[in-house]
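Examination of the molecular architecture
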Amino acid sequence: MVTIPMSKRLSRLLLLAASGLVLAACTTATPYQPAVTGPRGEIQQRGYSEQAIEQNRYRVSFSGNTLTKRETVEDYLLFRAAELTLAKGYDWFAVSGRNTEADTRTVREPGPIGGPRPIYVWNPYWRVYTLAGWSNWDSFSSYETRQITRYEASAEIVMGKGPKPAGDVQAFDARDVMANLGPRIQRPAD
């Protein structure tokens, strides 16, 4: 029986743990963070962004990856609107227009059995629901087909000072929004 010294076992264990953390970081929902675009306008990092329209009016948006749920994208949008409202010295904001878009794509990935299958083979298949959504799977295929969806929410907000307008269902108290949604906000790991 071969024994491995404790220091080598510990270093292997640490290496395995670090590899797991790196892999987990690649497969997580978009955290609450600013969006970053490249020099040609390509998205390098998904997250929130805002554009001033007038002194107290902004267009705010949040774009998530395919692992970010619609509800999370919409919560992060409202949280950013509240954060921006307080940062600009206002107390409440009203949503004058809001939209959530779903970008659904069908992807084909290598399946559990390698190699192409002959076209003439009878091939039963099943619809399977996974964490990533519905996909097709068949016993002879070398590919799996599934649908992935990415959500992006945007809203125009108007900010105001003092108490929020009574009876306006589109008006939000910024401090209340931050207090209620704050515990659900996942920030990026440093």
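This one's a predicted model, so the numbers in the text were calculated from it and none came from an experiment.

1. With respect to the overall build of the protein chain
Helix and strand counts for the protein chain come out as three helices and nine strands. Reading the protein chain from its N end, one meets helices and strands in the order α-β-β-β-β-α-β-β-β-β-β-α. For the protein chain, with 190 residues in total, the buried portion stands at 28%. Contacts spanning at least 24 positions in sequence make up 69% of the contacts within the protein chain whose residues lie at least 6 apart.

2. Considering the pairing of strand 3 (residues 48–54)
For strand 3 and strand 4 (residues 57–63), the ladder comprises six bridges, and the chain directions are antiparallel. Within strand 4, the position partnered with Ala-52 by the bridge is Tyr-58. The turn linking strand 3 back onto strand 4 is made up of two residues.

3. As for the confidence of the model for the protein chain
On average, residues of the protein chain score 81 in pLDDT, and 71% of them are at 70 or above. Predicted confidence for residues 19–25 stays below pLDDT 50, and this span has zero contacts to residues more than four positions away or in other chains.

4. A word on the side chain of Arg-80
Within the fold, Arg-80 resides in helix 2 (residues 70–87). We classify Arg-80 as buried; its relative accessible area is 11%. Of the polar contacts made by the side chain of Arg-80, one reaches the side chain of Glu-50; its length is 2.9 Å. When sequence neighbours within four positions are dropped, the list of residues in contact with Arg-80 reads Tyr-32, Tyr-48, Glu-50 and Val-60.

5. A word on the nonpolar core
Residues Tyr-32, Phe-62, Phe-93, Ile-157 and Met-159 are the most contacted members of the largest nonpolar core, which totals 25 residues. Where this core is concerned, the elements lending two or more residues are strand 4, helix 2, strand 5 (92–110), strand 8 (143–160) and helix 3 (174–181). No other element matches the eight residues that helix 2 contributes to this core. Discounting residues that sit within four places of it in the chain, Phe-93 has contacts with Leu-78, Ala-81, Ala-82, Thr-85, Ile-157, Val-158, Met-159, Gln-170, Ala-171, Phe-172, Ala-174 and Val-177.

6. Remarks on the packing of aromatic side chains
Applying the stated criterion across every chain, the model contains five aromatic pairs. Ring geometry for Tyr-32 versus Tyr-48: centroids 4.8 Å apart, planes at 35°, classification tilted. Of this pair, Tyr-32 sits in the loop between helix 1 (6–26) and strand 1 (36–37) while Tyr-48 sits in strand 3; the two residues are 16 residues apart in sequence, bridging distant segments of the chain. Taking the relative accessible area as the measure of exposure, Tyr-32 reaches 3% and is therefore buried.

7. Focus on helix 3
A turn of α-helix holds 3.6 residues, and therefore any two residues three or four places apart point the same way. Among all positions of helix 3, only Ala-174, Val-177 and Leu-181 are buried. The arc that holds every buried residue of helix 3, seen down its axis, measures 60°, which confines them to one face. Facing away from the buried side of helix 3, by more than 90 degrees, are the exposed residues Ala-179 and Asn-180. Between the side-chain oxygen of the N-cap and the backbone nitrogen of Arg-175 there are 3.0 Å, and the N-cap of helix 3 in question is Asp-173.

Parameters and conventions
- Residues numbered from 1 in each chain as written.
- Predicted model: local features only at pLDDT ≥ 70, side-chain atom pairs only at ≥ 80, totals over all residues.
- Heavy atoms only, no water.
- Helix = DSSP H or I, 4+ residues; strand = E, 2+ residues; numbered from the N terminus.
- Buried < 20%, exposed > 50% of the residue type's maximum accessible area, 1.4 Å probe, protein only.
- Contact = heavy atoms within 4.5 Å.
- Pairing = 2+ DSSP bridges.
- pLDDT = per-residue confidence, 0-100.
- Polar contact = N/O pair within 3.5 Å; in protein donor to acceptor, adjacent residues only side chain to side chain.
- Core = buried A, V, L, I, M, F, W, Y, C linked by side-chain atoms within 4.5 Å.
- Phe/Tyr/Trp six-rings, centres within 6.5 Å; stacked < 30°, edge-to-face > 60°.
- Arc of directions from axis to C-beta.

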